[in-house]
Amino acid sequence: MNFDSISHNIWLRDHCRCPKCFHPITKQRMVDTFVIPSDIHPTKVESLPEGLEVTWPATPPHVSLYPWSWLRQNSYDPPLASESSLTEHANEKILWGSRIRESPPTVTYEEVMRDDMGVLRWLKKIDQFGFCFIEGIPPTPEDTEALCRRIAFIRETQYGGFWDFTADMKHGDTAYTNLALKAHTDNTYFTDPSGLQLFHLLSHTEGKGGQTLLADGFYVASILKELNPEAYDILTRVRVPAHAAGDNKWFYKPGPSSAGYPLLTLDPRTKELVQVRYNNDDRSVVNGLAGSQVEEWYEALRAWNKCLTSHDSEYWVQLSPGTAVVVDNYRVLHGRSAFTGKRRMCGAYIGADEYRSRLRILQELEHRSTSGASEDAPVRDVWDPKL
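Residues numbered from 1 in each chain as written. Predicted model: local features only at pLDDT ≥ 70, side-chain atom pairs only at ≥ 80, totals over all residues. Heavy atoms only, no water.

- In the annotation of an unreviewed UniProt entry, the entry for the protein reads trimethyllysine dioxygenase, and the organism field reads Tulasnella calospora MUT 4182.
- UniProt's Pathway (unreviewed entry) comment on the protein is quoted here verbatim: "Amine and polyamine biosynthesis; carnitine biosynthesis." (UniProt positions renumbered as here; feature names shortened; annotations may be inferred.)

And the structure:
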């Protein structure tokens, strides 16, 4: 075996996960990276059925065993893992347009509140479709908040934690009016936008309107990439500043330099789309372009808007008390039509990291139950590919 073709020696030594180098319970590194000689070489290398056994120079000698599956998953020269295995969840993303109205992803309040497997079914639908309806909720803020907390703790922002609001202009934001809202994602003015957003219409009296608009940003981007790859490329590169300045107590601008982030964010490794960040109403001055790029950027933005507002992309639905919707704020854009009367809404933000953590944990529990793992077995091994 050509040992040097597997990986660098220092990389292997740094990734030993024996109990002396990697705590088996906390899953935290204990090896001191900075005492490893940069030119370290093993004294012995042996190929065993369970993995690669490497003996390192030390007194006494230090022995590391690297499972073959882990080496394959983490090989970098050459990369051996497939592109599909680089994605964290096995749930395939299902892109959708307006025809999703025929069979939208839906769960019941009863199953989500009953047990963790109900929560997992809910989160899997969100992971696949980017949104999900929850039916049969008692139309109260208390029950809606309890539903939110089935995922994780609620994220506090300038709007507070759990919201219970009407169009009273309590905050300097168009959401607190009865005006129409075009399709957008929330928190474009945050460095780390909220991951999930849940809405529940508690009541609407003495008026009409207020339909909810949903659009799959990943679907819209896929159409744009096919029809106008140059526009798609521009929207993945040009940083768009944003701001939230309606409340005198707060003034948000994203990023340390306030330069903003691209409308479309790609994974630097796979080049797959991982986030849509778009709210034209919250956009600040785009002043980081060269003169020759201004018209190109506006043309790209115009092309995006055309795809986003097409009948094929827009899914309109009238929410009613007892049915809530949760959207992945990194993927699905939302909006509403103008309305009259008094409309009472409640809901909350949940952090992206908290949502993904909860999904990972529940998928681990599902795997344990289907694989017949004993209750005493650790939830995750030190060689878990997610670590």
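## Observations regarding the overall build of the protein
- Looking only at helices and strands, the protein has 9 helices and 17 strands in total.
- If one aligns the C-alpha atoms of the protein with their principal axes, the spans along those axes are about 80 × 60 × 40 Å.
- Counting over 387 residues, the protein shows a buried share of 47%.
- In the protein, once contacts between residues fewer than 6 apart in sequence are set aside, the share between residues at least 24 apart is 73%.
- Carbon and sulfur atoms make up 52% of the accessible area of the protein, which amounts to about 20,300 Å² in all.
- Measuring between centres, the 42 positive side-chain charges of the protein sit 2 Å from its 51 negative side-chain charges. (Helix = DSSP H or I, 4+ residues; strand = E, 2+ residues; numbered from the N terminus. Buried < 20%, exposed > 50% of the residue type's maximum accessible area, 1.4 Å probe, protein only. Contact = heavy atoms within 4.5 Å. Areas by Shrake-Rupley, 256 points an atom, 1.4 Å probe, with all protein chains shown as cover. Lys, Arg positive; Asp, Glu negative; His and termini not counted. Charge placed at Lys NZ, Arg CZ, Asp CG, Glu CD.)

## Observations regarding the pattern of salt bridges
- Summed over all chains, the structure comprises 17 salt bridges.
- As a salt-bridge pair, R150 and D116 come within 3.7 Å of each other at their nearest N and O atoms. A residue pair is termed long-range when its members are at least 10 positions apart, and R150 in the loop between α5 (141–148) and β6 (163–165) and D116 in helix α4 (residues 116–129) qualify at 34 residues.
- Exposure remark for R150: the relative accessible area of 18% places this residue in the buried category.
- Of the residues examined, D116 reaches a relative accessible area of 29% and is grouped as partly exposed.
- Ionic pairing is found between D216 and R331, a salt bridge with its closest N-O pair at 2.8 Å. A residue pair is termed long-range when its members are at least 10 positions apart, and D216 in strand β9 (residues 212–216) and R331 in the loop between β15 (323–328) and β16 (332–336) qualify at 115 residues.
- Owing to a relative accessible area of 0%, D216 belongs among the buried residues under this scheme.
- Here R331 falls in the buried class, since its relative accessible area comes to 1%.
- One salt-bridge network, in which partners are shared between bridges, spans E364, R380, D384 and K386. (Salt bridge = Lys/Arg side-chain N within 4 Å of Asp/Glu carboxyl O.)

## Points about unusual backbone geometry
- Note that the residue after T59, namely P60, is joined by a cis bond; omega there is -5 degrees.
- Its place among the elements puts P60 in the loop between β2 (51–56) and β3 (62–67).
- Its identity is not glycine, yet S258 carries a phi of approximately 60 degrees, on the positive side.
- Mapped onto the elements of the fold, S258 is located in the loop between β10 (239–240) and β11 (261–262).
- The exposure class of S258 is partly exposed, given its relative accessible area of 26%.
- Positive phi values are uncommon outside glycine, yet K271 reaches one of about 65 degrees.
- When you line up the elements, K271 lands in the loop between β12 (264–266) and β13 (273–276).
- Its relative accessible area of 52% is what places K271 among the exposed residues.

## Points about the UniProt feature "domain: TauD/TfdA-like" (unreviewed entry) in the protein
- Here the UniProt feature "domain: TauD/TfdA-like" (unreviewed entry) sits at residues 103–349.
- Helix makes up 26% of residues 103–349 and strand 26%. Its end C-alpha atoms lie 25 Å apart.

## Brief notes about the sheet that holds β15
- Read across the sheet, 6 strands follow the order β4-β5-β15-β8-β17-β6 without closing on themselves; strand pairing throughout is mixed. Pairing within the sheet leaves two strands with one partner each, and these edge strands are β4 (106–108) and β6. Direction aside, the axes of adjacent strands within the sheet are offset by 20 degrees on average.
- In this sheet, strand β5 (residues 131–135) lies alongside β4 in parallel orientation, the contact comprising 3 bridges. (Pairing = 2+ DSSP bridges. Axes fitted to C-alpha atoms, helices over the stretch in contact; angles between N-to-C directions.)

## Some details on the packing of helix α6 (residues 217–227) against helix α7 (residues 229–237)
- Here α6 crosses α7 at 125 degrees, and the two axes come no closer than 5 Å. Put simply, α6 runs oblique to α7. Here α6 contributes A221, L224, K225, E226 and L227 to the contact with α7, which in turn contributes P229, A231, Y232 and L235.
- Of the residues assigned to the contact of α6 with α7, the class counts are 7 nonpolar, no polar and 2 charged. (Parallel < 35°, antiparallel > 145°, perpendicular 65-115°, else oblique. Nonpolar A, V, L, I, M, F, W, Y, C, P; charged D, E, K, R; others polar.)

## Side note on the domain arrangement of the protein
- Taken domain by domain, the protein comprises domain 1 (9–84) and domain 2 (98–362).
- Using C-alpha coordinates to define each centre, domain 1 is positioned 42 Å away from domain 2. (Domains from an automatic or database assignment.)

## Here's the deal with helix α9 (residues 352–371)
- Between the first and last C-alpha of α9 there are 28 Å, a value that for 20 residues agrees with the 28 Å anticipated at 1.5 Å per step.
- Every buried residue of α9 is listed here: A352, Y355, R358, L359, L362, Q363, E364 and R368.
- Where α9 is buried, its residues contact α4, β8 (196–205) and β17 (342–350). (Expected span 1.5 Å × (residues − 1).)

## Overview of the environment of K342
- Checked against the element boundaries, K342 lands in strand β17.
- Overall, K342 belongs to the exposed group, its relative accessible area being 52%.
- Considered as a pair, K342 and L147 are 195 residues apart in the sequence and their alpha carbons are 24 Å apart.
- Residues within four places of K342 in sequence aside, it is in contact with T166, S203, H204 and T205.

## What about the packing of aromatic side chains?
- Counted according to the given criterion, the structure contains 19 aromatic pairs.
- With a centroid separation of 6.0 Å and an interplanar angle of 70 degrees, the aromatic rings of Y66 and W383 are classed as edge-to-face. With Y66 in strand β3 and W383 in the segment after α9, this pair connects stretches of sequence that are 317 residues apart.
- Relative accessible area serves as the criterion here: at 17%, W383 is assigned to the buried category.
- Put simply, the rings of W11, Y66, W70, Y76 and W383 touch in pairs and so form one group of aromatic residues.
- A cation over an aromatic ring shows up here: R17 above the ring of F22, its NZ or CZ 4.5 Å from the ring centre.
- Above the plane of the ring of F339 lies R343, whose end atom (NZ or CZ) is 5.1 Å from the centre. (Phe/Tyr/Trp six-rings, centres within 6.5 Å; stacked < 30°, edge-to-face > 60°. Lys NZ or Arg CZ within 6 Å of the ring centre and 35° of its normal.)

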